[in-house]
Amino acid sequence: MSGTGKSTALAELGRRGFQVVDTDEPPWSEWSEEDGGYVWREELIAELLSSEHEPTLYVSGTVSNQGRFYPRFDAVVLLRAPAEVLLRRIEGRTTNRYGKTNEERRLILSHLAEVEPLLRATCTHEIDSTQSIGEVVAELVEIGLRVRPASPRDG
């Protein structure tokens, strides 16, 4: 969902030394006429997920074919925020032009109403992203630790 803080959280996780992949960035996604939107390039995502990752790998994105990969993730986390928060964040951001037009804003609200419930039904964790980025990232790290306990060499 646009404006929930995925990219900001991912950047902070990366600064803390975690492996991160933002699938909104090339080469991970491509436009699909058949699906009417961006989809993950399945061969690249499969390759990414086929190897061990130390420290924890965090992958971010929202595309129509992501559910095909859920069994390969240790956790699927939904970042959520109310519509007014999403729209305020999108209006103020300078790193991404998406969501600046009225048409895009209407689509974001439509996704919030129609897609977020589907994501909520299939996620393993949900985080209120109206919290500070530090709190959101702390929750993400905690989830990562719970699903991938520290190995003996870590502690």
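Residues numbered from 1 in each chain as written. Predicted model: local features only at pLDDT ≥ 70, side-chain atom pairs only at ≥ 80, totals over all residues. Heavy atoms only, no water.

Caption draft 1: Examining the pattern of salt bridges more closely. The final tally for this structure, using the stated rule, is eleven salt bridges. Among the salt bridges present, the one from R146 reaches E142, with a minimum N-O distance of 3.5 Å. Residue R146 and its partner E142 are both found in helix α6 (residues 133-147); the two are separated by four residues, about one turn of the helix. A cluster of three or more residues bridged by salt bridges with shared partners is formed by R80, E116, R120, E126 and D128. (Salt bridge = Lys/Arg side-chain N within 4 Å of Asp/Glu carboxyl O. Helix = DSSP H or I, 4+ residues; strand = E, 2+ residues; numbered from the N terminus.)

Caption draft 2: Highlighting the side chain of D22. Mapped onto the fold, D22 is located in strand β1 (residues 19-22). Despite its burial, D22 pairs with no opposite charge, the nearest such side chain being K6 at 7.2 Å. A polar contact is formed between the side chain of D22 and the side chain of S7, at a distance of 3.3 Å. Setting aside residues no more than four positions away along its own chain, D22 makes contact with S7, L10, W28 and S60. (Buried < 20%, exposed > 50% of the residue type's maximum accessible area, 1.4 Å probe, protein only. Lys, Arg positive; Asp, Glu negative; His and termini not counted. Polar contact = N/O pair within 3.5 Å; in protein donor to acceptor, adjacent residues only side chain to side chain. Contact = heavy atoms within 4.5 Å.)

Caption draft 3: Seen up close, the side chain of T4. Looking at where T4 falls in the secondary structure, it is placed in the segment before α1 (6-15). Classification of T4 by relative accessible area gives buried; the value is 2%. When near neighbours in sequence (up to four residues on either side) are disregarded, T4 contacts L79, R80, L86, R89 and S129.

Caption draft 4: Up close: the nonpolar core. Ranked by internal contacts, the top residues of the largest apolar core, which has 20 residues, are W40, I45, L48, L49, F69 and F73. Elements with a contribution of two residues or more to this core: α2 (42-49) and α3 (83-92). With three residues, the top contributor of residues to this core is α2. When near neighbours in sequence (up to four residues on either side) are disregarded, L49 contacts L57, F69, R72 and F73. The next biggest cluster of nonpolar side chains, apart from the first, holds 13 residues, and it includes L13, F18, A75 and V137. (Core = buried A, V, L, I, M, F, W, Y, C linked by side-chain atoms within 4.5 Å.)

Caption draft 5: Quick look at the packing of α1 against α6. Their axes nearest at 10 Å, the elements α1 and α6 cross at an angle of 70°. Taken together, the axis directions place α1 and α6 in an arrangement best described as roughly perpendicular. Crossing of α1 against α6: the hand is right-handed. On α6, the residues touching T8, A9, E12 and L13 of α1 are I133, V136, V137, L140 and V141. In terms of residue class, the contact of α1 with α6 is made up of seven nonpolar, one polar and one charged. (Axes fitted to C-alpha atoms, helices over the stretch in contact; angles between N-to-C directions. Parallel < 35°, antiparallel > 145°, perpendicular 65-115°, else oblique. Left-handed = near helix turned anticlockwise from the far one by under 90°. Nonpolar A, V, L, I, M, F, W, Y, C, P; charged D, E, K, R; others polar.)

Caption draft 6: Layout of unusual backbone geometry. Cis rather than trans, the peptide bond between P26 and P27 has omega equal to 5°. As for its position among the elements, P27 is in the loop between β1 and β2 (29-32).

Caption draft 7: Highlighting the pairing of β2. With four bridges connecting them, β2 and strand β3 (residues 37-40) associate as antiparallel partners. Counted as the bridge partner of W31 is Y38 from β3. Adjacent in sequence and paired antiparallel, β2 and β3 are bridged by four residues, among which G36 carries a positive phi angle near 70°. (Pairing = 2+ DSSP bridges.)

Caption draft 8: Spotlight on the environment of L44. Here L44 is to be found in helix α2. The exposure class assigned to L44 is partly exposed, which follows from its relative accessible area of 21%. Spatially, the C-alpha atoms of L44 and P27 are 8.2 Å apart, while their sequence positions differ by 17 residues. Among all residues touching L44, those that are not within four sequence positions of it are P27 and W28.

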